[in-house]
Amino acid sequence: KVHPATGEEVPDENARVPVMKFRNPRPAEWPEVDYIVGNPPFMGKLKLLSDLGEGYAEALRVAYAGRVPDGSDFVMYWWHHAAKLVREGRVQRFGLITTNSIWQTISRRVVAAALAQAPRFSLAFAVPDHPWVDSVDGASVRIAMTVGVHGDQDGRVLRIDKETPDGVTFREVRGRVHADLSVGADVSATVPLEANGKISGTGLILGNRGFVLEDPAETRRFLEAEPEARRIVFPLRNGEDLTDCPRGASVIDTDGWTLEDLRTQMPCTYQRLFDLVYPERQANRDPRLRREWWLFRRSNRLIRTAVQGLPRYIATSETARHRVFMFLDASIRPEHKLVVIGSDDALYLGLASSRPHVVWALAAGGKLGVGNDPVYSKTTCFEKFPFPECSPKLALRIRQFGEDLDAHRKRQQAAYPELTITGMYNVLEKLRAGEPLTAKEKVIHEQGLVSVLRQIHDDLDAAVFDAYGWPRDLTDEQILERLVALNAERAEEERRGLVRWLRPDFQTKGAVRPLQTEMAGIKAAPEAADGAPLPWPKSLPERIAAVRNTLRPDRAQDLPALAAAFKRAPRKDLEAVLQSLAALGLAVAYETPTGPKWRLTLRRAA
């Protein structure tokens, strides 16, 4: 475009760059060789676009459609092609250096496909994770090394045992090498469970910082200028807010608002977004973002729906050194680096915080960055995890430990604003390892009451092991073996129609019907006319059917309320029936200040 003052031609920053089109793109032909050894370019999805161009990236996607998933690092195209040549017997073996993302969620699919196809292909050697310093620009990354061979054979995996500035030491394991570059329990072969679906996901992608009020002072000034904006200004949290000290940021969430209503009812807010968001959006290639410029880039309708109506929800930082789950108030808007679980039940906060789930998450998730921090993926870490079928008594215990855990951390952070979750868990890690604390760590230990935190975790872990019916002294590998087996068992149950829903009232809404009593071998009991109390049945099957008919899926009822539905129902007998329904998976108990309340569990009909 022409500069208005000088008349010179200058670049137009808002102009749309034409995309180079490739006609009939297809994989490159490689020369015939016996061995392939290489270090393909380290490019993630975004760097691939910026360095090679959108046209080349699109050609790659078309040429490898169905073989290399969108979003894979550039190196996975090289890895897929090398593995194909080895599997077909055209090359004896390959050895490649890649980024350590190879065993993480998206790239892992390429490795899994190569291992599953015929002719057979195996990994003879792997180093899943190793530090690397680029000699040119000094950049530090994490790499992986893999050697692929034709046929069906075991391999060797080297895992870092200790990492120091002088180098690394390894421990070696031998056996069948899985797609996640592990030996032993094959976590990568597990499948998502329907029971865990529809209630987890990442937070909101704003797409522009113009929506954000960075600190309490800015929020206060903004609301003083336009009090009506309190209807759309909410606290904002990201991963660092959870693991460190919250910034105190807020966000303008215009979800559900039309542009006209926003302009007429909140003109100051409209002007802010028009000045800060509108210019960038009009230069965006996405027509939806240009058209609906006052809305977030990705509003994540699934998560908004999952937390709607709840007083709180569970959240964890997607990438963090320590896997910590906590409750956030329903008013808080989560950014996309948070993984959200749409439940207000402390039972699931306790189960997610327990050792079995943390061990699973470390194995199923990936790692990110130079710090090599674990990544929590909702698909592999949450949706595949087989939660235990808790007895009412154990569910109450775990639920209470979950409440204690969340309350303890928040109470200590409120008393000491500089105290961080990362600091507390760093100290907890050293306590468990029996290492001495530094002077700074001793302060954190006192402020965070970290020994108390440790005891809560120990009690919680013991209760969760009991819920699974497992010994409490299992190794991490033994835990994974049992969880992998349980995932397969639950998947088979779901195939036959039995789904152990985590939030049945929400997950089954409008899609499924309650499990009929006949399916559980229980005859339906008749209902009394006009809501009069029913006679207490004589046989156990009839009692189970009658109590089940009295329970409701949408409202929890305590023991007195249930007893009032019958004539002279002995408390002991009623409790026994409720325990039987819980054992069948047809009822669940919730702890309240006045005692347990019971609710009907919905299941998919066969």
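See above for the structure.
Residues numbered from 1 in each chain as written. Predicted model: local features only at pLDDT ≥ 70, side-chain atom pairs only at ≥ 80, totals over all residues. Heavy atoms only, no water.

A. Looking closely at the overall build of the protein chain. Looking only at helices and strands, the protein chain has 23 helices and 21 strands in total. Out of the 606 residues in the protein chain, the part that is buried amounts to 48%. Considering only residue pairs separated by 6 or more positions, the protein chain has 67% of its internal contacts joining residues 24 or more positions apart. Accessible surface for the protein chain amounts to roughly 30000 Å². Of this, 53% is attributable to carbon and sulfur atoms. (Helix = DSSP H or I, 4+ residues; strand = E, 2+ residues; numbered from the N terminus. Buried < 20%, exposed > 50% of the residue type's maximum accessible area, 1.4 Å probe, protein only. Contact = heavy atoms within 4.5 Å. Areas by Shrake-Rupley, 256 points an atom, 1.4 Å probe, with all protein chains shown as cover.)

B. A look at empty space enclosed by the protein. Per the stated rule, a full pass over the model turns up two cavities of 30 Å³ or more. Looking at the second largest cavity, its volume works out to about 90 Å³. For the second largest cavity, the full set of lining residues is K45, L48, L49, A57, L60, R61, D70, G71, S72 and Y77. Those elements giving two or more residues to the lining of the second largest cavity turn out to be α1 (45-52) and α2 (54-63). (1 Å grid on protein atoms, 1.4 Å probe; cavity = no way out; pocket = protein on both sides within 12 Å on 5 of 7 lines; lining within 4 Å. Points joined across faces, edges and corners; volume = space filled by probe spheres on them.)

C. A look at helix α12 (residues 346-353). With eight of eight residues buried, α12 lies mostly within the body of the structure. Here α12 has its buried residues at A346, L347, Y348, L349, G350, L351, A352 and S353. Structurally, α12 contributes buried residues whose contacts are with β11 (312-317), β12 (326-329), α13 (355-364), α15 (392-415) and α18 (450-468). With a side-chain oxygen lying 2.9 Å from the backbone nitrogen of L347, the N-terminal cap of α12 falls on D345. (Polar contact = N/O pair within 3.5 Å; in protein donor to acceptor, adjacent residues only side chain to side chain.)

D. Representation of the pairing of β11 within the structure. For β11, the buried fraction is high: five of the six residues fall into the buried class. Relative to β12, β11 runs antiparallel, the two sharing four bridges. Paired with R312 across the two strands is D329, which belongs to β12. Direction of pairing for β11 relative to strand β14 (residues 338-341): antiparallel, over a ladder of four bridges. The residue bridging I314 from the neighbouring strand is I341, located in β14. (Pairing = 2+ DSSP bridges.)

E. Spotlight on the side chain of R272. Assignment of secondary structure puts R272 in helix α8 (residues 267-276). In contact with R272, not counting residues within four places along its chain, are R209, G210, V212, L213, E218, F222, I252 and V277.

F. Here's a closer look at the sheet that holds strand β10 (residues 250-252). Strand order across the open sheet formed by four strands is β8-β10-β9-β13, with mixed pairing between neighbours. Edge positions in the sheet fall to β8 (212-213) and β13 (333-334), since each has one partner strand and no second.

G. Geometry of the environment of T243. Assignment of secondary structure puts T243 in helix α6 (residues 239-243). Along the primary structure T243 and T420 are separated by 177 residues, whereas in three dimensions their C-alpha atoms are 6.3 Å apart.

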